[in-house]
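As a plain string of letters, each chain reads:
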Amino acid sequence: MRKRERPARLADVHAVARGMPHVTNAAGPLGNAIYQVGGKSFVFFRNPRPDAVDPKTGERYPDVIVIWVPSESDKQALVQDPDSPFFTTPHFDGHPSVLVRACHLHEITVGELTEIIQDAWLSRASRKRAADWLAAHPAAGH
């Protein structure tokens, strides 16, 4: 019998992003975390912006996380899945990333979140770093 995987949490975003090799954690203008590999962001915590707001109150979401994706088709698969907490806004049209609110992370498992963040890192790392990581983690094989 397989053990049920626990829901993802905010701390998992930080732990997985920090756990990838060659990662630096820069601070954004308001101290928000920005995880980078080779100077390229792959996960960052957004400041409240006018393009991501509560449709009922108009309040800006304070907990939006941007995660890079390998391709537009990966992005569409995540944002078009009705069971997925991932979304996008017109501001991110054409940008290889998805958005997720920290308060909705529990809607996916820690394993799903890990895979998405690993894919984000792979999409931004140099070819050599990505190849080295994949060689060391054959089960990941994204």
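As annotated in an unreviewed UniProt entry, the chain carries the name YjbR protein and comes from Nocardia bhagyanarayanae.

A few words on the environment of Glu-59. For Glu-59, the location among the structural elements is in the loop between strand E3 (40-45) and strand E4 (64-68). Using a relative accessible area of 54% as the deciding quantity, one classes Glu-59 as exposed. Sequence separation between Glu-59 and Pro-90 is 31 residues; the distance between their C-alpha atoms is 17 Å. Setting aside chain neighbours within four positions, we find Glu-59 in contact with Ala-52, Val-53 and Asp-54.

This brings us to the pairing of E4. It is a general feature of regular strands that their side chains alternate between the two faces of the sheet. In terms of residue burial, E4 counts as a mostly covered element, since 5 of its 5 residues are buried. Because side chains alternate across E4, one face comprises the buried residues Val-64, Val-66 and Trp-68, and the other comprises Ile-65 and Ile-67, equally buried. Direction of pairing for E3 relative to E4: antiparallel, over a ladder of 3 bridges. The partner of Phe-44 across the bridge, within E4, is Val-66.

Within an α-helix, residues lying three or four positions from one another point in the same direction, as the helix has 3.6 residues per turn. Among the residues making up helix H1 (residues 10-19), those that are buried are Asp-12, Val-13, Val-16 and Ala-17. Angular distribution of buried residues about the axis of H1 spans 120°; they occupy a single face of the element. What points out from H1, more than 90 degrees from its buried face, is the exposed set Ala-11, Arg-18 and Gly-19.

Here His-22, not a glycine, exhibits a phi torsion of approximately 60°, which is positive. Mapping His-22 onto the fold places it in the loop between H1 and strand E1 (23-27).

Another point: the sheet that holds strand E5 (residues 97-101). Strands pair in a sheet through their backbones, by hydrogen bonds, and they do so in one of two ways: parallel or antiparallel. Ordered by their spatial adjacency, 5 strands build an open sheet running E1-E2-E3-E4-E5, and the pairing between neighbours is antiparallel. Strands at the two margins of the open sheet, each flanked by one partner only, are E1 and E5. On average, each strand axis in the sheet is inclined to that of its neighbour by 25°, with strand direction left out of account. Here 5 bridges tie E4 to E5, and the two strands are oriented antiparallel to one another. Across the sheet, the residue bridging to Trp-68 is Ser-97, located in E5.

Mean pLDDT over the chain: 93, with 96% of residues reaching 70 or higher. Within the chain, E1 has the poorest average pLDDT of any element, 93, and E4 the best, 98.

All right, on to the nonpolar core then. Ranked by size, the top nonpolar core spans 39 residues in total, and within it Phe-42, Val-43, Ile-65, Ile-67 and Ile-117 carry the most contacts. Contributing elements (two or more residues each) for this core: H1, strand E2 (33-37), E3, E4, E5, helix H3 (110-124) and helix H4 (127-136). A total of 6 residues in this core trace back to one element, the largest contributor, which is H3. Excluding its chain neighbours within four sequence positions, the residues that come into contact with Ile-65 are Leu-10, Val-13, Val-43, Phe-44, Phe-45, Val-98, Leu-99, Val-100, Ala-102 and Leu-105.

Rules and cut-offs
Residues numbered from 1 in each chain as written. Predicted model: local features only at pLDDT ≥ 70, side-chain atom pairs only at ≥ 80, totals over all residues. Heavy atoms only, no water. Helix = DSSP H or I, 4+ residues; strand = E, 2+ residues; numbered from the N terminus. Buried < 20%, exposed > 50% of the residue type's maximum accessible area, 1.4 Å probe, protein only. Contact = heavy atoms within 4.5 Å. Pairing = 2+ DSSP bridges. Arc of directions from axis to C-beta. Axes fitted to C-alpha atoms, helices over the stretch in contact; angles between N-to-C directions. pLDDT = per-residue confidence, 0-100. Core = buried A, V, L, I, M, F, W, Y, C linked by side-chain atoms within 4.5 Å.

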